[in-house]
Number of protein chains: 2
Amino acid sequence: MSDTMPARRGIQIGFGRVLRDRRLALGLSQEALAARADLHRNYVGEVERGAKCPSLCAVEALAEALGVRPSELVRDAE
Amino acid sequence: MSDTMPARRGIQIGFGRVLRDRRLALGLSQEALAARADLHRNYVGEVERGAKCPSLCAVEALAEALGVRPSELVRDAE
């Protein structure tokens, strides 16, 4: 049992891919996206690689930076 | 700047309310939901109160435990 890391993490991988695709579609660097979302560039990189499961609050900040709704990113990541 | 806690956390509050409403609609205790989702009961309580922003992986585990899609919970929390 774990507080924050359930064994099943398909959504973590999927979200990373969705985030990267959306960022590139806007022609943004990881650094530019991180600045827009007020997150650290390294954190954005880890999330994109599927190495870190983002908090829902980070998902919200990233969605706003990309001009979409959080639920839209999550739906595409499912 | 913060890695995991952007200043705007409306979704954290909204998600807590949605989670609580869905849990009660199924007649589940926090403990029962936590067991289904393989999360700690205290963690579920903190998320429901809006005191903690859940990871997207925890959102996925909770959604599965509630029989809905993660994006459905997030959409209702927006």
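Residues numbered from 1 in each chain as written. Chains lettered and ligands numbered in written order. Predicted model: local features only at pLDDT ≥ 70, side-chain atom pairs only at ≥ 80, totals over all residues. Heavy atoms only, no water.

### Notes on the relation of the copies chain A and chain B
- Least-squares fitting of chain A to chain B yields an RMSD of 0.0 Å, with the transformation described by 0.0 Å of translation along the axis and a rotation of 180°. One copy is carried onto the other by what is essentially a two-fold rotation axis. Taking C-alpha positions as reference, the residue of chain A nearest the rotation axis is serine 55 of chain A, located at 2.0 Å.
- A symmetric contact is evident, with 100% of the interface residues of chain A recurring at the interface of chain B. (Least-squares fit on C-alpha atoms with pLDDT ≥ 70 in both. Contact = heavy atoms within 4.5 Å.)

### Let's talk about the packing of helix H2 (residues 30-37) of chain B against helix H3 (residues 41-48) of chain B
All names here are of chain B.
- Two numbers describe how H2 lies on H3: the axes approach to 8 Å, and their chain directions differ by 110°. Compared by their axis directions, H2 and H3 come out roughly perpendicular. Our pair here, H2 against H3, has a crossing hand that is right-handed. Between H2 and H3, the residues in contact are Gln30, Glu31, Leu33 and Ala34 and Arg41, Val44, Gly45 and Glu48, respectively.
- Taken together, the residues of the contact of H2 with H3 sort by class into three nonpolar, two polar and three charged. (Axes fitted to C-alpha atoms, helices over the stretch in contact; angles between N-to-C directions. Helix = DSSP H or I, 4+ residues; strand = E, 2+ residues; numbered from the N terminus. Parallel < 35°, antiparallel > 145°, perpendicular 65-115°, else oblique. Left-handed = near helix turned anticlockwise from the far one by under 90°. Nonpolar A, V, L, I, M, F, W, Y, C, P; charged D, E, K, R; others polar.)

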